[in-house]
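Topology and contacts: notes
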Amino acid sequence: MSAIAAATTTLEVRGVTMRFGGVVAVDDVTFSARTAEVLGVMGPNGAGKTTLFNVISGVQRPTSGEVTLGAARLTGRRVEDVAALGVTRTFQTPVMFWGLTVRESVEVALAAREFGGTYPPAPWRELVRCGFGTAGRRREDTALRERADTILAGAGIAAMADRATESLAFGEERLLELARALAASPAVLLLDEPLSGLNPDEIEAVLASIRAARASGVAVLLVEHAVGELLAVADRVVVLDHGRKIAEGTPQAVAVDPLVIDAYIGDALE
Amino acid sequence: MIAQIWQYVLAGIAAGAIYALIAAGFVLIYQVTGMINFAQGEFAMIGAMTASALATGGMPVFEASAIAVVAASAAGALCYLLAIRPARAATGVTLIFITLGLDVALRGLGLLVWGTNPLSLPAFTGGASVNVLGGVLSPQTLWVLLTDVLVFAALYLFFRHTYAGTAVRAAVANPPIASTFGIPLRTFAFWSFVAAAAIGGLGGVVVAPITSATYDMGLTLGLAGFVAAVLGGLDSLPGALVGGFVLGIIEKLAGGLISTGWEQGVGFLILVLVLVLRPQGLLGRAVRRA
């Protein structure tokens, strides 16, 4: 991507409502995310942020409303189909592929994207890995491994490439989860509290990855409780309270919005 | 006495080499789909019976064996497509009953096609038995051991050195998350049945010259393979190898030193002991649910 790819609307959330019995977790929320931007999603606990992510990624089907990505309607599709269209997410608690090394975790995401999920798809690629194959094919294979190493380096975890995922500390798991998500070349990246539980160095690494993803054209939706970091990295912010959107705008505007301040202070007093 | 025990051990290695192949099928399907396929032994029966019937009809042993492995693989593919996939929304217990039904159905099919008479398959190669430190191994047992080496080496290569193998391991680790990366779980489930059936069929083919082939051989082989898989750890292919040999050796020692009745029964004693004392098996991982 480059400057030619001016920010265009990519993900649209229109009138999404999610009811669980009598509880309205998300109430008629509408907003859109553009390519190459970080859209912060703020709100006190229970505001409906994670539910919103579940709706976008296809884990939950909204009671009403719809989500579209470009020309494609995401609502009603299965999780893996939404993912195939370019929506990747991370979780509040990182989910690892136990049994794989750090590098393998990234390679498997890269390969899955490259082979379009058609396993066992490219026998000759496998032969190259087992030690056979022509020079050209070997180069292609090397290129994939180099991309994996570039992604690991970008995430600040190149040094632990050969470690087993079981051996990672919590913060390292977060960094790997983000690297793995980026390896899937998403159009939209949903990050659910990617900074929680991290030390300052790890926070810097995650923020750098988020900025790099933005620079490469990804629409990043960021849910984060660390409001200072969120306002610093976000281009625009949507604020939810009790399931409703109460504000949307630049970080500067949102930070001084009385409704937003009320929501946060109200939450603190409850 | 020592010489006798050694001969029992060698006999146990010969038996265990087959159990390891059957157990590998159990482990493959369990890892990829989370289910236990109790029809696993029947793939060996189909392999053994097909090869023996074709060879009896005059076909050279190696051609007959190759066709038999293809036939067993096809049976595995059909089992998945006709019985497992339509029931994919079912719970674990239901799926187990489906595989028990498949087991009975395939055995019945064997009876219909080949009848009750045992069929024999010529040994792959002639030659004298091999002397191993005073004990003997038949040439056909060496073929079985060679098959073990090739099958487990191929599995190792696949899982450790291919993208597809890595993707399978990711799918095993966390199916829902793996699917969000475009890793096709259902395709893997299908191929796990085909591979397990092919390995089982190959096991049946290589053991047929030793035991001869009958329509009901799958039941005993399947149970022994299941015990071996549980003993080694249901989620561990190296465990299947180790479990197979340990079970074979214990069976032959129990049969030789206590009484032949124990040879059949000791496996179930082992099964109970493992499930009570070390449910994850010798090499399996303790169950961890995140």
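Up top is the structure.
This one's a predicted model, so the numbers in the text were calculated from it and none came from an experiment. (Residues numbered from 1 in each chain as written. Chains lettered and ligands numbered in written order. Predicted model: local features only at pLDDT ≥ 70, side-chain atom pairs only at ≥ 80, totals over all residues.)

To continue, consider the overall build of chain B. Summing up its helical and strand segments, chain B has eleven helices and two strands in all. Secondary structure elements in chain B, listed N-terminal to C-terminal, are α-α-α-α-β-β-α-α-α-α-α-α-α. A compact globule built from 290 residues would reach a C-alpha radius of gyration of about 19 Å, and chain B, at 19 Å, matches this within 12%. Counting only C-alpha atoms, chain B reaches 55 × 45 × 35 Å along its principal axes. Expressed as a percentage of the 290 residues in chain B, the buried residues total 53%. (Helix = DSSP H or I, 4+ residues; strand = E, 2+ residues; numbered from the N terminus. Rg over C-alpha atoms; globule rule 2.2 N^0.38 Å. Buried ≥ 20, exposed ≤ 12 C-beta atoms within 10 Å, placed from the backbone.)

Bringing the interface of chain B and chain A into the picture now. Chain B puts 20 residues into the contact, and the matching count from chain A is 25 residues. The set of elements that each furnish at least two residues to the side of chain B that touches chain A consists of helix H5 (139-161), helix H6 (163-173), helix H7 (175-180) and helix H8 (185-211) of chain B. Looking at which element gives the most residues to the side of chain B that touches chain A, the answer is H6 of chain B, with seven residues. Split by residue class, the side of chain B that touches chain A holds eleven nonpolar, eight polar and one charged. (Contact = placed C-beta atoms within 7 Å. Nonpolar A, V, L, I, M, F, W, Y, C, P; charged D, E, K, R; others polar.)

This paragraph deals with helix H5 (residues 135-154) of chain A. All names here are of chain A. Taking 1.5 Å as the rise per residue, H5 with 20 residues should run 28 Å; its terminal C-alpha atoms sit 28 Å apart, in good agreement. Along H5, the positions that sit buried rather than exposed are Ala148, Ile151 and Leu152. Looking straight down H5, one finds that the buried residues subtend no more than 110° of arc, so they occupy a single side. For H5, exposure combined with an orientation more than 90 degrees from the buried face picks out Ala135, Gly136, Arg139, Thr142, Ala143 and Glu146. At its buried positions, H5 is contacted by helix H3 (102-114) and helix H6 (170-183). (Expected span 1.5 Å × (residues − 1). Arc of directions from axis to C-beta.)

To continue, consider H6 of chain A. Residues and elements named next belong to chain A. Taking 1.5 Å of rise per residue, the 14 residues of H6 would be expected to cover 20 Å, and the 20 Å separating its terminal C-alpha atoms lies within 8% of that figure. Most of H6 is tucked away: eleven of the 14 residues are buried. Those residues of H6 lying buried are Glu172, Arg174, Leu175, Leu176, Glu177, Leu178, Ala179, Arg180, Ala181, Leu182 and Ala183. Once H6 finishes, Ser185 follows within two positions and takes phi at roughly 45°, a positive value.

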